[in-house]
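Inside the fold
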Amino acid sequence: MSDCLFCKIAAGEIPSTKIYEDEYVYAFADIAPQAPFHAVVIPKQHIASADEITADNSFLVARVFEAVAKIAKQENLSDGYRVVNNCGEAAGQTVHHIHFHLLARRDLGWPPG
Ligand code: 5GP
Ligand code: ZN
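Read on for a plain summary of the structure. (Residues numbered from 1 in each chain as written. Chains lettered and ligands numbered in written order. Predicted model: local features only at pLDDT ≥ 70, side-chain atom pairs only at ≥ 80, totals over all residues. Heavy atoms only, no water.)

The zinc ion (ligand 2) binds to the protein through Cys4 (SG), Cys7 (SG), His46 (ND1) and His97 (ND1), with metal-donor distances spanning 2.0 to 2.3 Å. Taken together, the 4 donor atoms surrounding the zinc ion (ligand 2) define angles of 105 to 116 degrees at the centre, an arrangement classified as tetrahedral. Counting gaps between the donor residues of the zinc ion (ligand 2) yields the pattern C-x2-C-x38-H-x50-H. In this pair, Cys7 is assigned in helix 1 (residues 5-10) and His46 in the loop between strand 3 (37-43) and helix 2 (58-74), connecting sequence segments 39 residues apart. Looking at Cys7, the relative accessible area reads 13%, which means it is buried. (Donors = N, O, S within 2.8 Å, 3.2 Å for Na, K, Ca; no water. Tetrahedral: all angles 85-135°; square planar, octahedral: opposite > 155°, others 65-115°. Helix = DSSP H or I, 4+ residues; strand = E, 2+ residues; numbered from the N terminus. Buried < 20%, exposed > 50% of the residue type's maximum accessible area, 1.4 Å probe, protein only.)

On to helix 2, then. Relative to the 24 Å expected for 17 residues at 1.5 Å per residue, helix 2 spans 25 Å between its end C-alpha atoms, a close match to the ideal helical length. Among the residues of helix 2, Leu60, Val64, Ala67, Val68, Ile71 and Ala72 are the ones counted as buried. Projected down its long axis, helix 2 carries its buried residues within an arc of 140 degrees, all on one side. Where helix 2 is buried, its residues touch strand 1 (18-21), strand 2 (25-29), strand 3, strand 4 (81-84) and strand 5 (100-104). Positive phi shows up at Asn76, right after helix 2, with a value of about 55 degrees. (Expected span 1.5 Å × (residues − 1). Arc of directions from axis to C-beta. Contact = heavy atoms within 4.5 Å.)

In a beta sheet, neighbouring strands are held together by backbone hydrogen bonds and run either parallel or antiparallel to one another. If you trace the 5 strands from one edge of the open sheet to the other, you get 1-2-3-5-4, paired in antiparallel fashion. Each edge of the open sheet is held by one strand with a lone partner, namely strand 1 and strand 4. Taking the axes of each pair of neighbouring strands and ignoring which way they run, one obtains an average angle of 20 degrees across the sheet. With 5 bridges joining them, strand 2 and strand 3 adopt antiparallel strand pairing. Bridge pairing in strand 3 places Ala27 opposite Val41. Across the sheet, helix 2 touches strand 1, strand 2, strand 3, strand 4 and strand 5, and the angle it forms with strand 3 is around 150 degrees. (Pairing = 2+ DSSP bridges. Axes fitted to C-alpha atoms, helices over the stretch in contact; angles between N-to-C directions.)

Before going further, it helps to examine the environment of Leu60. Residue placement: Leu60 occurs in helix 2. Residues Leu60 and Gln45, 15 residues apart in the sequence, show an inter-C-alpha distance of 8.3 Å. Those residues within four positions of Leu60 in sequence are excluded, and the remaining contacts are Tyr24, Pro43, Gln45 and Ile47.

Have a look at this one:
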């Protein structure tokens, strides 16, 4: 989508600090980190939110989680990490390109707020 911030980041049209990239997935440092390690992991293909996952595109979610496992090893997140997807306004989704927050390197607490 031409007016989507995360499509532009995935395409390199807006700069970001790359953490991981493959054919389907791009991960970059969050501009406002909520933990000492905070990556945003996205499929390169535009999907607006978790509400838009279908049988045709769900393989991209699998690719995202394959990437998460690789990033965890790459970044030595062996103490643990949390993957968060915000879907919709009440959950705090502000960018309407599906993304997964990967948070680590602090006590993340449970349950989340
Ligand atoms: P949401 O609130 O939609 O779940 O998450 C969007 C995330 O994207 C936020 O954590 C926010 O800090 C991050 N973000 C928004 N704009 C930019 C940007 O231009 N660059 C980077 N690296 N992160 C961004
Ligand atoms: Zn997009």
